[in-house]
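Understanding the architecture of this molecule
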Amino acid sequence: MILGSGCGVELDHVHWEFAVSDIPGFVAPSVAGHLGRITAGTFAGREVLLIQGRVHCYEGISMDGVTFQVRLIHELGIRNIIFISAAGAIRATLNAGEMMLVEDHICAQPLTATYRTRSVYDTPWRERVIEVCYGSPVSSGVYVWTIGPSYETPAEIAAFERRGGDAVGMSLVPEAMEASALDMHVLAATVITNGAAGLEGRELKHEDVLRVAGAAHANLTDLLVKAVVQAPQF
Ligand code: HPA
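Conventions we followed
- Residues numbered from 1 in each chain as written.
- Predicted model: local features only at pLDDT ≥ 70, side-chain atom pairs only at ≥ 80, totals over all residues.
- Heavy atoms only, no water.
- Near = heavy atom within 4 Å.
- Polar contact = N/O pair within 3.5 Å; in protein donor to acceptor, adjacent residues only side chain to side chain.
- Areas by Shrake-Rupley, 256 points an atom, 1.4 Å probe, with all protein chains shown as cover.
- 1 Å grid on protein atoms, 1.4 Å probe; cavity = no way out; pocket = protein on both sides within 12 Å on 5 of 7 lines; lining within 4 Å.
- Sits in = over half its atoms within 2 Å of the grid points.
- Helix = DSSP H or I, 4+ residues; strand = E, 2+ residues; numbered from the N terminus.
- Buried < 20%, exposed > 50% of the residue type's maximum accessible area, 1.4 Å probe, protein only.
- Pairing = 2+ DSSP bridges.
- Right-handed = clockwise from strand over helix to strand, strands pointing away.
- Points joined across faces, edges and corners; volume = space filled by probe spheres on them.
- Nonpolar A, V, L, I, M, F, W, Y, C, P; charged D, E, K, R; others polar.

Observations concerning the site of the ligand
- Residues in contact with the ligand, as listed here, are Ala86, Ala87, Gly88, Tyr151, Glu152, Val168, Gly169, Met170, Thr193, Asn194, Leu204 and Val209.
- Glycine 88 is positioned such that a nitrogen or oxygen atom in its backbone is 3.3 Å from a nitrogen atom of the ligand.
- For the ligand, a nitrogen atom lies 2.7 Å from a polar atom in the side chain of asparagine 194.
- Coverage of the ligand by the protein chains reaches 95% of its 260 Å² of free accessible surface.
- Most atoms of the ligand, that is more than half of them, are within 2 Å of grid points of the second largest pocket.
- Mapped onto the shell around the ligand, the elements with two or more residues apiece are β5 (80-89), β8 (167-169) and β9 (185-195).

Dropping the structure here:
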């Protein structure tokens, strides 16, 4: 499980934990809200590895640096990967604190990531999670990836909406594409932290994103439990 901006979860039992900066090759995050911690333990009755510390292209990090953690996880023999990030809502029916599972993405900027040969996001896994989330504030939709670090302009959001985008964010897609290219099962979800630029009539601030992501802790934990329990079995 790789968690982004302001998102946190506690494992049921911790085997070990250390700072990502202790791992050679691991680029430590520089953005507030990313702890830079890697933890192994149990969660919802399964063995999991939790990484709280994502890095982004906008931090000036190469694509190889951004996707390093995915290759590390794959090298450890892990085949199911869950990405969580904060996102702004484009779709009018998405509210702050809700979760949106990613069914597909649109890259707003050219992304020279890994060559894609098939659907990036595992459809059966996502559909099982949606089914067991019936009655919870969880939906699915299309994630628009922007390189950041600026939030979008209202005109960009209007254009993304016309193109079929449901939520917008600056992470997740490069790593999801790398994981998919490594034949891993990918489940990605966003915590909706705000209405996208121009939709709420106020300036977007990273502190507000972190605050709302933190407040959505219970919804996120609930989704992660279901995601882990529904993960493909080998
Ligand atoms: N835009 C881009 N990234 C984000 C947003 C947003 O509105 N909210 C949280 N991450």
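Some points on the pairing of strand β7 (residues 138-145)
- Burial runs high along β7: seven of the eight residues are buried.
- Alignment of β7 against β8, held across three bridges, turns out to be parallel. Its bridge partner being in β8, tyrosine 143 is matched across the sheet by alanine 167.
- One crossover worth recording links β7 to the parallel β8 by way of helix α3 (residues 154-162), and it is right-handed.

Some details on the layout of surface pockets
- Volume-wise, the largest pocket comes out at about 450 Å³.
- If you trace the largest pocket, you find 19 residues lining it, with Glu47, Val48, Leu49, Ile78 and Asn80 closest to the centre.
- Those elements giving two or more residues to the lining of the largest pocket turn out to be β4 (46-52) and β5.
- In terms of residues, the lining of the largest pocket owes the most to one element, β4, which gives four residues.
- In terms of residue class, the lining of the largest pocket is made up of 14 nonpolar, two polar and three charged.
- The computed volume of the second largest pocket comes to approximately 330 Å³.
- Lining the second largest pocket are 25 residues, and of these Ser5, Ala86, Tyr151, Met170 and Val209 lie nearest its centre.
- Elements with a contribution of two residues or more to the lining of the second largest pocket: β5, β8, β9 and α5 (206-215).
- In terms of residue count, the dominant contributor to the lining of the second largest pocket is β5 (four residues).
- Tallied by class, residues from the lining of the second largest pocket come to twelve nonpolar, eleven polar and two charged.

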